[in-house]
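Spelled out, the chains give:
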Amino acid sequence: MSSSVSPLAPKNVPDMPVIAGIRLATAEAGIRYKNRTDVLLAVMDKGTAVAGVFTKSKCPSAPVEWCRAKLKGGKARALVVNSGNANAFTGKTGRASTALTAKIAAKAVGCSESEIFLASTGVIGEPLDASKFDGVLGRLAEAAEPGDYLAAAKAIMTTDTFPKVATATVKLGKAKVTINGMAKGAGMIAPDMATMLSFIFTDAPIAPAALQALLKAGVEDTFNAVTIDGDTSTSDTLLAFATGAAAEHGAPKISRASDPRLKAFVKAFNQTLANLSEQVARDGEGARKLVEITVEGAKTKASARKIAMSIANSPLVKTAIAGEDANWGRVVMAVGKAGEPADRDKLSISFNGIRVAKSGARDPDYDEAQVSEAMKAPEIAIKVSLGLGKGRDRVMTCDLTKEYVAINGDYRS
């Protein structure tokens, strides 16, 4: 973890309410770090539904493979997360580590190993000594309380500079239901640091299939629309848990994601995902600028997304922003290389609401001093208008600074 907090960190941390059916505890297991918590145990009541989405990497971590296999059961009793070691690219040893961790956790909680979910974050390629969880998870199960989400978020940090939490409360039927979330992520650099983890908890009574559909749809314009450096993790894991405890207070049991009674819940659920994913962008390794890229006038939304990601992942664009330079030529480059329909002579570009390029050339009203002053802001909005259709999308990213190179140059050492 960095000793200095990102200047883009949220100014206020929300009070995280208790969610019935969820208990949390953290400890120091000595996985990699010294004198800090590095393991989280979340214990869920019987009947808790679980849903998950994971990395699309063809080299997934052992915990990702474990969760994918157990997700079919639809039920969860515990989540174990460790920081310091990603348990990725560890072969048979990694699979044995996940099995041993699940065995220890199941014994501690008193449930089946198929109801244990796992996530690991940290260095890739080094074996994870799961025997370090022996005894620790038992003590955590006894100490777990309906809890301290901020402490839980701190335990799963690696190069993060601040813990990421979010909460929302909404009515479902006659009952008030709560959604709490936490995330970790600051860089996704293979093969040393390449993980993003997030966990959502709610007391809403939602069936596993419905929760899965909500989660899969919700990530498209939130976590899937954020990039720090364009490197897909081996370990990306987003899990959602629904205890169903709100049913005792009048919340209807939901079996379909299309249930109209879910309208307000879905909005709050997606806002929680959006909040957490933006915090990941705010904590990009070495970041000093939060960057929102909007592409409009594309042929389709999918085309707009590809172009926006091309801009967001361009080292040249990101370093220009770090240098507070409204270099629209680099944006033009990124649009052109995206491989999507674009017409140079219809292209317009704006930085923080100031149009710098119009109809394929520099804007006739361009004022260098005005734009330079705007680029000093901590949040930069780049807008690209293609003039080809109605497709529109937005993605979040950050600038690329010298500190990013320093962090990733010596991560393992």
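Residues numbered from 1 in each chain as written. Predicted model: local features only at pLDDT ≥ 70, side-chain atom pairs only at ≥ 80, totals over all residues. Heavy atoms only, no water.

### Section: the overall build of the protein chain
Piece 1. Of regular secondary structure, the protein chain possesses 11 helices and 17 strands.
Piece 2. Computed over the C-alpha atoms, the radius of gyration of the protein chain is 22 Å, within 12% of the 22 Å expected from 2.2 N^0.38 for a compact globule of 413 residues.
Piece 3. In terms of overall dimensions, the protein chain has C-alpha extents of about 70 × 50 × 35 Å along its principal axes.
Piece 4. Burial status across the protein chain gives 56% buried among its 413 residues.
Piece 5. A fraction of 80% describes how many contacts in the protein chain between residues 6 or more apart in sequence connect residues 24 or more apart.
Piece 6. Distance from the positive charge centre (53 side chains) to the negative charge centre (43 side chains) of the protein chain: 6 Å. (Helix = DSSP H or I, 4+ residues; strand = E, 2+ residues; numbered from the N terminus. Rg over C-alpha atoms; globule rule 2.2 N^0.38 Å. Buried < 20%, exposed > 50% of the residue type's maximum accessible area, 1.4 Å probe, protein only. Contact = heavy atoms within 4.5 Å. Lys, Arg positive; Asp, Glu negative; His and termini not counted. Charge placed at Lys NZ, Arg CZ, Asp CG, Glu CD.)

### Re the sheet that holds strand β11 (residues 237–242)
Piece 1. Sheet architecture is open: 5 strands sit in the order β3-β11-β10-β7-β6, paired in mixed fashion. Looking at which strands have only one partner, the edges of the open sheet turn out to be β3 (49–54) and β6 (164–172). Shown here is a sheet whose adjacent strand axes are inclined to one another by a mean of 15 degrees, direction ignored.
Piece 2. Where β3 and β11 come together, 6 bridges link them in antiparallel fashion. Looking at β11, one finds that G52 is bridged to L239.
Piece 3. Relative to β3, helix α5 (residues 208–218) is tilted by about 30 degrees, and along the sheet it contacts β3 and β11.
Piece 4. Contacts from helix α6 (residues 263–282) reach β6, β7 (175–184), β10 (197–202) and β11, with the element oriented near 170 degrees to β6. (Pairing = 2+ DSSP bridges. Axes fitted to C-alpha atoms, helices over the stretch in contact; angles between N-to-C directions.)

### Some remarks on the environment of G73
Piece 1. Following the sequence through the fold, G73 ends up in the loop between α1 (62–70) and β4 (78–85).
Piece 2. Separated by 222 residues in sequence, G73 and V295 place their C-alpha atoms 40 Å apart.

### Concerning the packing of aromatic side chains
Piece 1. Inspection of every chain in the model, using the stated rule, returns 5 aromatic pairs.
Piece 2. Consider the rings of F265 and F269, whose centres lie 5.9 Å apart with planes at 25 degrees: the pair is stacked. Of the two residues, F265 and F269 are both situated in helix α6; the distance of 4 residues between them amounts to about one turn of the helix.
Piece 3. Overall, the relative accessible area of 0% leaves F265 in the buried class.
Piece 4. When the ring of W328 is compared with that of Y366, the centres are 5.1 Å apart and the planes differ by 70 degrees; the resulting orientation is edge-to-face. Of this pair, W328 sits in helix α9 (residues 328–337) while Y366 sits in the loop between β15 (361–362) and α10 (368–374); the two residues are 38 residues apart in sequence, bridging distant segments of the chain.
Piece 5. Taken together, the ring pairs in this structure connect F117, Y149, F201 and F241 into an aromatic cluster. (Phe/Tyr/Trp six-rings, centres within 6.5 Å; stacked < 30°, edge-to-face > 60°.)

### Here we look at α9
Piece 1. What α9 keeps buried is the set V331, A334 and V335. Here the buried residues of α9 occupy an arc of 100 degrees about the axis, which is enough to place them on one side. Structural note: α9 exposes G336 and K337 on the side pointing more than 90 degrees away from its buried face.
Piece 2. Along its buried surface, α9 packs onto α7 (301–312), α8 (315–322), β13 (348–351) and β16 (379–385). (Arc of directions from axis to C-beta.)

### A look at the side chain of K164
Piece 1. With respect to the helices, strands and loops of the structure, K164 is situated in strand β6.
Piece 2. On the basis of relative accessible area, K164 is assigned to the buried category, the value being 0%.
Piece 3. Separated by 2.8 Å, the side chains of K164 and D160 make a polar contact.
Piece 4. Residues in contact with K164, not counting those within four places in the same chain, are A153, G181, M182, A183, K184, G185, L276, Q279, V280 and D283. (Polar contact = N/O pair within 3.5 Å; in protein donor to acceptor, adjacent residues only side chain to side chain.)

### Considering the domain arrangement of the protein chain
Piece 1. Considered domain by domain, the protein chain is made up of domain 1 (22–283) and domain 2 (290–410).
Piece 2. Summarising the inter-unit geometry, the C-alpha centres of domain 1 and domain 2 are found 33 Å apart.
Piece 3. Here domain 1 meets domain 2 over a buried area of about 1300 Å², counting both sides, of which 51% is carbon and sulfur.
Piece 4. Run the count over domain 1 and domain 2 and you get 3 salt bridges.
Piece 5. With a shortest N-O distance of 2.9 Å, R282 and E379 are connected by a salt bridge.
Piece 6. Connecting domain 1 to domain 2 are 12 residue pairs in polar contact (both at pLDDT 80 or more).
Piece 7. No other element matches α6, which puts 3 residues into the side of domain 1 that touches domain 2. (Domains from an automatic or database assignment. Buried area = accessible area lost by both parts, 1.4 Å probe. Salt bridge = Lys/Arg side-chain N within 4 Å of Asp/Glu carboxyl O.)

### Examining the pattern of salt bridges
Piece 1. Enumeration according to the criterion identifies 19 salt bridges in this entry.
Piece 2. E340 serves as the salt-bridge partner of K306, at 3.6 Å between the closest nitrogen and oxygen. With K306 in helix α7 and E340 in the loop between α9 and β13, this residue pair connects regions lying 34 residues apart in the sequence.
Piece 3. Judged by relative accessible area, which is 21%, E340 ranks as partly exposed.

### Comments concerning helix α2 (residues 91–109)
Piece 1. For α2, spanning 19 residues, the distance from its first C-alpha to its last is 27 Å, which sits close to the expected 27 Å at 1.5 Å a residue.
Piece 2. Of the residues making up α2, those classed as buried are G94, S97, T98, T101, A102, I104, A105, A106 and V109.
Piece 3. Buried residues in α2 make contact with β2 (39–44), α1, β4, β5 (116–123) and α3 (136–143).
Piece 4. Positioned one or two residues after α2, G110 has a phi angle of 85 degrees, which is positive. (Expected span 1.5 Å × (residues − 1).)

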